[in-house]
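# Structural characterization, general
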Amino acid sequence: MTEPISAMTAMAAPTTAMAAPTTAMAAPTTAMLVPTTAMAEEASQALEAEPESAPPVAKSRWSKRVMTALSIVMPAFGAVWLATHHDELGAAFEACRRAEGKWLLVAALAACATYVAAAASMKGSVAHKLPFGQLVAVQIAGILPNTLAPAGMGVAAVQMRYLLRRGLSMAEAVASTAVNATAGAIPHGIMLVVLLLAGAVPLPRLALGPMHRYLLIALPVAVAVVVCVPRLRQLARTLARRLVEQRGLLVGAGSTRRAALLWGGSIAIPMLHAATLCAVAAALHAPLGPGKIMVVYLVASALAAVIPSPGGFGGLDAALTALLTTAGAPTTTAIAAVLGYRLLTNWLPLAPSAAVCGVLIRARVL
């Protein structure tokens, strides 16, 4: 997550193909994918590099190979599953066709609101003044490359490209992206813990008070998972280092307004995604309450982030379907809910994303 010079050259090079109307939809994809790898790798090196005084951290080749294999296996698994489950898919599409229109409209509005929340979070992570309308357009433009790149690298590359176009240095752009990612991860985990403590999902009862028994179960399990999984252990170290290094930007660099935008947007993003899934499930008359569905979304999105498949294809879909079924939804309803959620948040916005991306590139905003 290529050298800095080549990354800057890829971002600054003019895209002459954008002038031809017949290639307006194809050119954004090429233009955004060319710098994605370079910028993502450079950003990863900048964010994960240890201080000079610290000893180098040996990375496990086995762990890298496993993650690479999973990033290939999960999309392949999803494609095979889709190709071999015609009956379930047919029933799911039929359930979507009978869904209540008013709830689908609510889901669509919640999905659209996620771009506004993401723009607010991005605005709060930068000390410079940026046009809010452009930030919303950047979030929409990031949908297309984000579908083709794993683990959110696509939208991160688009955001960095935009910040560099606005005159920020590479260090400032990387710091802003890191702050945005950190501020997004913290509310995600806090909301999951709060929902579990509130009893959104029943946990085994122990001879203790409700708060104590939940903490007794959750804390050791969480610590054991973080300690035993190398990727999570490295992620925890990186997160702790970012909190220390970027504490100034995390509190809005002295601006209450920026802090409110950063944390307000970061909290709203997972809530709006969960609300989209809740509305789709309500349209399908799924026998699940909002609390359970929010826990399902938070757990599934966390699992999908560990397995870097392009656009979450395979990983997120399988996790959402399995968790919804485990929570009590019929299999057909769970598949239909995942299809509706992915249509609204990922597949239907692809064409508008390509169009917005082309407009921004021609206007040299990206």
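Our structure's up above, just so we're on the same page.
Okay, so let's go over this structure. (Residues numbered from 1 in each chain as written. Predicted model: local features only at pLDDT ≥ 70, side-chain atom pairs only at ≥ 80, totals over all residues. Heavy atoms only, no water.)

### Description of the environment of L262
Note the threshold: A run of DSSP states H or I qualifies as a helix once it reaches four residues; a run of E qualifies as a strand once it reaches two. Both are numbered from the N-terminal end.
Secondary-structure assignment places L262 in helix α13 (residues 256-283). Separated by 143 residues in sequence, L262 and A119 place their C-alpha atoms 9.2 Å apart.

### Focus on the environment of G328
Let me state the cut-off plainly: Burial classes: relative accessible area under 20% of the type maximum marks a residue as buried, over 50% as exposed, and values in between as partly exposed (1.4 Å probe, protein chains only). Note on definitions: a residue-residue contact is assigned when non-hydrogen atoms from the two residues lie within 4.5 Å.
Position of G328 among the secondary structure elements: in the loop between α15 (315-327) and α16 (331-347). For G328, a relative accessible area of 44% translates into the label partly exposed. Between the alpha carbons of G328 and K292 there is a distance of 9.6 Å; along the sequence they are 36 residues apart. Setting aside its immediate chain neighbours within four residues, G328 contacts P287 and L288.

### Some points on α15
To keep it simple, the criterion reads: Expected span of a helix: the number of residues minus one, times 1.5 Å.
Taking 1.5 Å per residue as the helical rise, α15 with its 13 residues ought to reach 18 Å, and the 18 Å between its terminal C-alpha atoms agrees with that figure. What α15 keeps buried is the set G315, L316, D317, A319, L320, T321 and L324.

### Quick word on the pattern of salt bridges
In plain terms, the rule: Between Lys or Arg on one side and Asp or Glu on the other, a salt bridge is scored when a side-chain nitrogen of the former is within 4 Å of a carboxyl oxygen of the latter.
Applying the stated criterion to the full structure yields 3 salt bridges. Its salt-bridge partner being R98, residue E94 comes within 3.4 Å of it at the nearest N-O pair. Given the relative accessible area of 30%, E94 is considered partly exposed. Here R98 falls in the exposed class, since its relative accessible area comes to 56%. Here D317 ties to R342 by a salt bridge, and the two come within 2.7 Å at their closest N and O atoms. Here the residue D317 occupies a position in helix α15, and R342 occupies one in helix α16, the gap between them amounting to 25 residues. Judged on exposure class, the residue D317 and its partner R342 are both buried.

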